[in-house]
Structures are given as C-alpha cells and as structure tokens.
Amino acid sequence: MKKMLLSLLASTIYTSAVSAQTCQQPPSCESLGYTKSVDDCGDIKYLTCPFDSSKVYCLEVGETCDFIEYPLTECPTGGNCTKFECKETIQHIQYKLDSCQSGYTKSGNSCCNFSSYPLASCPTGGNCTEYECDGTTKYKLRNCKTGYVKKGNICISCDSIEYRHTSCPSNGNCSYITCNGTTKYKLDSCKTGYRKEGYNCDDECVPSTGWELPCINEI
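Attention in this report is confined to the structure presented alongside it. (Residues numbered from 1 in each chain as written. Predicted model: local features only at pLDDT ≥ 70, side-chain atom pairs only at ≥ 80, totals over all residues. Heavy atoms only, no water.)

Secondary structure assignment for the chain yields two helices and 14 strands. Buried positions account for 26% of the 219 residues belonging to the chain. Considering only contacts within the chain whose residues lie at least 6 apart along the sequence, 23% involve residues at least 24 apart. Accessible area for the chain stands at about 14400 Å²; split by element, carbon and sulfur atoms hold 49% of it. (Helix = DSSP H or I, 4+ residues; strand = E, 2+ residues; numbered from the N terminus. Buried < 20%, exposed > 50% of the residue type's maximum accessible area, 1.4 Å probe, protein only. Contact = heavy atoms within 4.5 Å. Areas by Shrake-Rupley, 256 points an atom, 1.4 Å probe, with all protein chains shown as cover.)

This is the structure in structure tokens:
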C-alpha cells in the first residue's frame, strides 16, 4: 500500500524530469497508476496525473498516514492485529485489533482473559490478586488472612457458627475446616432415609406412639 504510493510518486517525478531534459514522449498516466477519475474516488483523497488532470490515483486507507483505523500503539496481549507503518510520522507504526486468541474475549480494543480471575470482589478475610481489563476488574483469591481458612473461593472464619461442631453426626454429610490444628464440622445434609433435625439426622419414619399413623415398616 505505502510502497505503491512511494513508487507512483517516484515514477512521476523521474519521468517528468527525463522528459524535460530529453524531450522524450512522456509515459501515459495509466502506466504510472493514474487510472481513475475524480468521480471514481468519491470522498477519498487522490493524486492527479501531471500530464492529464482528468486522470487520478485514489489513495487507499493508510496512504495518507491516517491512523484512525489503527488506534493502538501496540497489539494487546492475546490479540491478533493488523500492523500499519507510515514513515512520515514520528510514531510510524500502529495497530488495529482484528480478533483475540483462544481463551481471550474481545472487548473494545482489548483482549480480556478472566478465566483465572472468577471473583467480582475479594471475599472477606481474603488476600487477592486483581486483574483490570477494559474497565472491568475481577479478582483471584490467593490465600486467607490469619483467623480464616480458604475453602474454594471463599474464606471461612475460624469462629464461624456454622462450623462449631467437633464431629459429624451419624448418617450426616458434612463439610469441615481445620483451624489451629482443630477440625470443625458443618452438617450440610443427611443420607437417604434420614431427615435433618438441628444438628442431627433422625429416621424419616418415627415409630408410632399410638395415635400417629404407623411407619410403613410397622404395617
């Protein structure tokens, strides 16, 4: 693109000088690349053939060092970019983001990768690493502060009321934390055939006392 413009200008200057010195027949505008009319170019800028003002060359995007379509000074991490070079400016190389690589999401002129940063905020008691991309900040939990235990993407206080029991009840399904060498449990649910009553798992079928309906296994 840029080479075409420089070649066209150089050819025009050279042939004009040679023709003036030797009185040779100048080359045609078409052979120099001036193959369009002003109407063909429309709103696009153009160069006029020095031998015939009705013949012009329509400038392509970038040939005037217009970086509007190439706003980036570098290609973002994870991006697939088109590079545009224009040696007539101090900042002569700029980029346009075309797409993002696998694992990245295109957002404006950025490629965001939040896969390792799943949290919208840092949990209470946590020490987090934050990641900002295109105006959005997300977090990754590294570890928990003293007095807290890391459980997945949250930090549970060692003084949590939910984890206050020293053992899991019979027929229960429990989660647990270990603080300062002590393991504490929380009853999450009961096994099949049992129902949760406070911190216990009781039989779903309570034996009849005389006036209730009898259990199925008593009939």
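The discussion continues.
Of all hydrophobic cores here, the largest spans six residues; its members are V149, I156, C158, Y163, I177 and C179. Leave out the neighbours within four places in its chain, and V149 touches C144, I154, C155, I156, C158, I177, T178 and C179. (Core = buried A, V, L, I, M, F, W, Y, C linked by side-chain atoms within 4.5 Å.)

The next point concerns the state of the cysteines. Under the criterion given, the structure shown has nine disulfides. Note on cysteine connectivity: C122 is disulfide-linked to C128, with sulfurs 2.1 Å apart. Here C122 and C128 share a disulfide; its torsion about the S-S bond, 85°, makes the bridge right-handed. What pairs with C190 in a disulfide is C201, and their sulfur atoms sit 2.1 Å apart. Taking the torsion about the S-S bond as the criterion, the C190 to C201 disulfide, at about -85°, is left-handed. Here C190 is found in strand β12 (residues 182–190), whereas its partner C201 is found in strand β14 (residues 200–203), with eleven residues between them in sequence. (Disulfide = S-S within 2.5 Å.)

Glancing now at the environment of L72. Residue position: L72 is located in the loop between β2 (52–58) and β3 (79–85). Judged by relative accessible area, L72 falls into the buried class, the value being 13%. L72 sits 24 residues away from K96 along the chain, and the two C-alpha atoms are 6.2 Å apart. Discounting residues that sit within four places of it in the chain, L72 has contacts with Q94, Y95, L97 and N109.

Next up on the list: the packing of aromatic side chains. Overall, the coordinates contain three aromatic pairs when judged by the stated rule. Judged by centre distance (5.3 Å) and plane angle (65°), the rings of F114 and Y131 are edge-to-face. Remark: Y131 occurs in strand β7 (residues 126–133) and F114 occurs in the loop between β6 (110–112) and β7; sequence separation between them is 17 residues. In this structure an aromatic cluster arises from ring pairing among F114, Y117 and Y131. (Phe/Tyr/Trp six-rings, centres within 6.5 Å; stacked < 30°, edge-to-face > 60°.)

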